[in-house]
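Each chain, letter by letter, is given below.
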Amino acid sequence: MSTPKMAAGFAAALAEFAVERGADRAYLLQASGLSEADLSDQDNRIPVSSYQALIAAGIKETGDTALLLRHTFESELQMISVVGQIVHTSASLAHSIEQLNRYIRLMTDVSPGSAGDRYELLQTPAGLWIVDHLIAPATEYLGTEASFARFISEFRRSFPDVTFAIEMEVTYAAPPHVAEYPDLFRIPVRFEAPRNALRIDPVWVSESSDFEPGHAYAFGVFTRHADALLKDLEADTTARGLVEAQILPRLHEGSISMDGVARDVGMSRQTLYRRLKEEGLTFGEVHDDLRKRMALDYLEAQKVTVNETAYLLGFSEASSFVRAFKRWTGHSPTAYLSKVA
């Protein structure tokens with residue numbers, strides 16, 4: 001399986017927060033295996049395990065087990081991720097949760113253990129709840145408490161005079177910093193409950209809600225950017241994307257083994273074959289199409305000759321490349337170049 005990844009913006013913000021509280025930045029980076037380049041762009045993808053190691057290092061350096069929780073309450077999501085911008089320009093609470101579920105992969109690859117959305121707005125006789133369906137071991141409470149802290153802090157900051165959260169249920173036991181909960185959450189919390197859920201004031205789904213109308217233009221700008229990022233992520237995690245990432249730097253080798261690529265992406269040949277078949281593809285088709293796209297890129301840039309392009313794409317002879325190019329485009333490389341010149 002591929003390594004779960006997440007947006008670097010969260011790690012960058014947490015590292016800065018920890019340093020402000022006495023942590024050594026060089027130690028944080030060394031302990032997490034991250035570099036300054038990794039944290040230079042909030043949309044960069046880093047391993048979730050590196051973020052977890054950063055949290056552990058920050059807690060060790062500051063001696064504060066509530067470090068992540070405190071950071072969540074004091075930071076603004078819209079300054080860390082484009083998802084925050086989208087949520088803040090949504091038209092209602094329900095709309096914002098819908099967008100959160102839609103774009104959650106831009107924040108982290110971690111998802112619910114079963115099919116469906118991570119967050120659910122649930123109306124019950126016992127009240128209106130935001131349910132977090134992420135299944136995590138009870139000992140791994142940091143993500144869950146930060147998840148609800150994010151909801152509370154964003155609404156608390158935007159609507160300081162309106163009640164949002166009323167009570168909270170969590171599956172984990174009281175954490176080491178439970179004494180901080182009354183000051184940070186400011187609501188009753190029931191530990192070792194059967195679910196993770198936050199009860200909120202029903203006014204947020206009523207017509208009298210203080211939720212401001214969505215800013216349509218800004219929402220469109222942010223979602224277009226998010227859609228482009230999501231498309232890139234999906235390409236990276238499709239079987240096609242995984243195969244292309246492996247064979248692109250080896251195109252010049254010509255014959256590339258499906259067995260070798262399967263091994264490099266952590267799959268058996270049979271699993272890779274099945275994954276590609278589910279996408280309506282074969283290994284040979286992915287290889288051939290990548291060659292075609294790269295051939296067009298090379299020739300249109302007019303930086304290399306036809307013979308050099310043939311070599312870069314792994315053709316043993318230029319004549320073989322010419323035949324393949326005619327099959328792809330209906331033209332010889334020379335004729336194609338005369339059309340685009």
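Up top is the structure.
A brief structural summary.

### Examining the sheet that holds strand E4 (residues 127-132)
With respect to topology, five strands assemble into an open sheet ordered E3-E4-E7-E5-E6, the strand pairing being mixed. Two strands bound the open sheet, and with one partner strand each, they are strand E3 (119-124) and strand E6 (189-190). Across two bridges, strand E5 (residues 165-169) lies against E6 in parallel orientation. The residue bridging Met 168 from the neighbouring strand is Val 189, located in E6. Across the sheet, helix H6 (residues 93-103) touches E3, E4 and strand E7 (196-200), and the angle it forms with E3 is around 145 degrees.

### What to know about the pairing of E7
Of all the five residues making up E7, four are buried; the element is thus mostly covered by neighbouring parts of the structure. In this structure, E4 lies alongside E7, joined through five bridges in antiparallel fashion. By the bridge assignment, Leu 128 is partnered in E7 with Ile 200. Relative to E7, E5 is paired through four bridges, and the arrangement is antiparallel. Paired with Glu 169 across the strands is Ala 197, a residue of E7.

### As for helix H2 (residues 25-32)
Within the span of H2, buried status applies to Leu 28, Leu 29 and Ser 32. Angularly, the buried residues of H2 cover 95 degrees about the axis, an arc narrow enough to put them on a single face. Turned more than 90 degrees from where H2 packs its buried face, Ala 26 and Gln 30 sit exposed. Tucked into the core, H2 has its buried residues touching helix H1 (8-20) and helix H3 (48-62). Of the residues trailing H2, Gly 33 is marked for its positive phi of about 75 degrees.

### Focus on unusual backbone geometry
For residues other than glycine, phi is negative in most cases, and the peptide bonds are mostly trans. Positive phi, normally seen in glycine, also occurs at Arg 186, with a value near 65 degrees. Structurally, Arg 186 is set in the loop between helix H8 (181-184) and E6. Taking relative accessible area as the criterion, Arg 186 reaches 58% and is therefore assigned exposed. For Glu 192, which is not a glycine, the phi torsion comes out positive at approximately 55 degrees. The topology assignment puts Glu 192 in the loop between E6 and E7.

### Topic: the pairing of E3
Along a regular strand, successive side chains alternate from one face of the sheet to the other. With six bridges joining them, E3 and E4 adopt antiparallel strand pairing. By the bridge assignment for E4, Tyr 119 is matched with Asp 132. What sits between the antiparallel neighbours E3 and E4 is a turn of two residues.

### Re the pattern of salt bridges
A full pass over the atoms with the stated rule returns 20 salt bridges. Salt-bridge contacts for Arg 269 lead to Asp 259; the nearest nitrogen and oxygen are separated by 3.2 Å. Taken together, the residues Arg 269 in helix H12 (residues 269-278) and Asp 259 in helix H11 (residues 258-264) connect sequence positions 10 residues apart. For the salt bridge of Asp 289 with Arg 293, the shortest nitrogen-to-oxygen distance reads 3.1 Å. Of the two residues, Asp 289 and Arg 293 both sit in helix H13 (residues 283-301), four residues apart, roughly one turn of that helix. Bridged by salt links that share partners, the residues Arg 240, Glu 244, Asp 289 and Arg 293 form one connected network.

The rules behind each value
Residues numbered from 1 in each chain as written. Predicted model: local features only at pLDDT ≥ 70, side-chain atom pairs only at ≥ 80, totals over all residues. Heavy atoms only, no water. Pairing = 2+ DSSP bridges. Helix = DSSP H or I, 4+ residues; strand = E, 2+ residues; numbered from the N terminus. Contact = heavy atoms within 4.5 Å. Axes fitted to C-alpha atoms, helices over the stretch in contact; angles between N-to-C directions. Buried < 20%, exposed > 50% of the residue type's maximum accessible area, 1.4 Å probe, protein only. Arc of directions from axis to C-beta. Salt bridge = Lys/Arg side-chain N within 4 Å of Asp/Glu carboxyl O.

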